[in-house]
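If you want the building blocks of each chain, they are given just below.
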Amino acid sequence: MESINTLKGYDKVSDQENQIHHHSPLPKPSSRKTLIATVSIVSLLLILAVVALTAGIFTHSPPHHPPPISSASLKSICAVTRYPETCFNSLSSSSLNESNSKFDPESILELSLRLASKSISSLSMSFRSINDMPEDAAVGDCIKLYNDALSQLNDSISEIEKEKKKGGNWLTKEVIGDVKTWISAAMTDGETCSDGIEEMGTVVGNEIKKEMEIANQMMSISLAIVSQIKKLLLIFH
């Protein structure tokens, strides 16, 4: 009897297990495979997204900023001068050092005047450094002449800055005429210095001679650009 009851008890357990299995069926093998495949695909997509984002962060190059001045256009402006090579080399080098430099004939004119003024100022200091011969009048004359030339160039720069603040078309006929007059007067000062040194037979070093040549060329470049400024504006605007 005990064995029969035991079997009956076993049958009850089996029935209970069947009921549990009936209410909570295990996933079929095919469903499990589908679930695993879906999870794998989602994981792979997430990994690829992270890799792509990371690669983008490290390989993305900073935005390219064009140079402040176009070489071809600057050459076109310098072509109107007597010293196109000096013009291009000096202006292109200086424009790269100025964060707010622009490319247009007006800005190039201002830059050329500033470079001419800088070269004259340096030359004037060089003449002062050799003014240890009071009897040599040529050196003293050159100091005065280049001081006057520097004043003329600074007047040109000041005039341009004053007119620009007014806005509108500041390169009027009057302004262009004044700037041309001042540059021409500064160039005359430089030529007078050179003539005086030659006539007096004054011996100056090669460095000063080189400075004089550069200063004279830069003034000539500024004069050529302002003389052709209207034509240049038509070309580049």
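Looking at an unreviewed UniProt entry, one finds the protein chain named pectinesterase and attributed to Cardamine amara subsp. amara.

Caption draft 1: Focus on a negative patch on the surface. On the surface, Glu191, Asp195, Glu198 and Glu199 cluster together to form a negatively charged patch. Following the sequence through the fold, Glu198 ends up in helix α7 (residues 173-200). Residue classification places Glu198 among the exposed residues on the basis of a relative accessible area of 66%.

Caption draft 2: Up close: the state of the cysteines. Going through the model one piece at a time under the given rule, you end up with two disulfides. Sulfur-sulfur distance for the disulfide between Cys78 and Cys87 comes to 2.1 Å. Looking along the S-S bond of the Cys78-Cys87 disulfide, the torsion reads about -70°, which is the left-handed sense. Note on accessibility: Cys78 and Cys87 belong to one class, buried. Here Cys142 connects covalently by a disulfide to Cys193, the sulfurs 2.0 Å from one another. Residues Cys142 and Cys193 share a disulfide whose torsion about the S-S bond is about 100°; that sign makes it right-handed. With Cys142 in helix α6 (residues 137-166) and Cys193 in helix α7, the pair connects residues that are 51 residues apart, well separated along the chain. Given a relative accessible area of 1%, Cys142 falls into the buried group.

Caption draft 3: Molecular detail of helix α5 (residues 105-129). A rise of 1.5 Å per residue sets the reference length of α5, with its 25 residues, at 36 Å; its end C-alpha atoms lie 36 Å apart and thus fit the reference within 8%. Across the 25 residues that make up α5, a large majority, 18, are buried.

Caption draft 4: Quick peek at the packing of α6 against α7. Packing of α6 against α7 leaves a shortest axis separation of 9 Å and a crossing angle of 170°. Relative to α7, the element α6 is oriented roughly antiparallel. In this structure, α6 meets α7 at a crossing whose hand is left-handed. Split into classes, the residues belonging to the contact of α6 with α7 amount to 16 nonpolar, five polar and six charged.

Caption draft 5: Looking closely at the environment of Val175. Tracing the chain through its elements places Val175 in helix α7. What makes Val175 buried here is its relative accessible area of 3%. Along the backbone, Val175 and Glu163 are 12 residues apart, and their C-alpha atoms lie at a distance of 8.1 Å. Not counting residues within four places of it along the chain, the set of residues in contact with Val175 comprises Glu159, Glu163 and Trp170.

Caption draft 6: Summary view of the packing of aromatic side chains. One pass over the full model with this rule turns up one aromatic pair. Pairing Phe127 with Tyr146 gives two aromatic rings, centres 5.8 Å apart and planes at 20°, and the pair type is stacked. Taken together, the positions of Phe127 in helix α5 and Tyr146 in helix α6 put the pair 19 residues apart, joining distant regions of the chain. Comparing Phe127 with Tyr146, the two get one shared label, buried. In this arrangement the basic side chain of Lys75 is found over the ring face of Phe88, its NZ or CZ atom lying 5.3 Å from the centre.

About the thresholds
- All residue numbers here refer to positions counted from 1 along the written sequence of the relevant chain.
- It should be noted that, the model being predicted, local features are given only for residues of pLDDT at least 70 and side-chain atom pairs only at 80 or more, the latter also being counted only at that level, while totals for whole chains, interfaces and linings use all residues.
- Working from all heavy atoms in the structure, the side-chain values ignore hydrogens and water.
- Residues form patches when they are more than 30% accessible in relative terms and have no salt bridge. Like charges link within 9 Å. Nonpolar side chains (Val, Leu, Ile, Met, Phe, Trp, Tyr) link within 5 Å.
- The method behind every accessible area is Shrake-Rupley, applied with a 1.4 Å probe, and residues are considered shielded solely by the protein chains displayed.
- Here a salt bridge means any side-chain nitrogen of Lys or Arg lying within 4 Å of a carboxyl oxygen belonging to Asp or Glu.
- The charged-residue count follows a simple rule in which Lys and Arg add positive charge and Asp and Glu add negative charge, with His and chain termini not counted at all.
- For the purpose of locating charges, the reference atoms are NZ of Lys, CZ of Arg, CG of Asp and CD of Glu.
- Strands here mean DSSP runs of E at least two residues long; helices mean DSSP runs of H or I at least four residues long; both are numbered from the N terminus.
- Exposure is judged per residue with a 1.4 Å probe applied to protein chains only, and the accessible area is read against the type maximum: over 50% gives exposed, under 20% gives buried, and values in between give partly exposed.
- Cysteine sulfur atoms are paired as a disulfide whenever they come within 2.5 Å of each other.
- Expected span of a helix: the number of residues minus one, times 1.5 Å.
- For every element, the axis is a line fit to its C-alpha atoms; helices are fit only across the contacting stretch, and the angle between N-to-C directions ranges from 0 to 180 degrees.
- These descriptions rest on fixed angle ranges, namely under 35 degrees for roughly parallel, over 145 for roughly antiparallel, 65 to 115 for roughly perpendicular, and the rest for oblique.
- Throughout, a crossing is termed right-handed when the near helix is turned clockwise from the far one, and left-handed when it is turned anticlockwise from it by less than a right angle.
- The residue classification treats Ala, Val, Leu, Ile, Met, Phe, Trp, Tyr, Cys and Pro as nonpolar and Asp, Glu, Lys and Arg as charged. All others, Gly included, are polar.
- Whether two residues are in contact is decided by their heavy atoms, any of which lying within 4.5 Å being enough.
- Stacked, tilted and edge-to-face are the three classes applied to pairs of Phe, Tyr and Trp rings, where Trp contributes its six-membered ring and a pair requires centres within 6.5 Å; stacked means planes under 30 degrees apart, edge-to-face means over 60, and tilted covers the rest.
- By the criterion adopted, a ring carries a charge over it if an Arg CZ or a Lys NZ lies within 6 Å of its centre and within 35 degrees of its normal.

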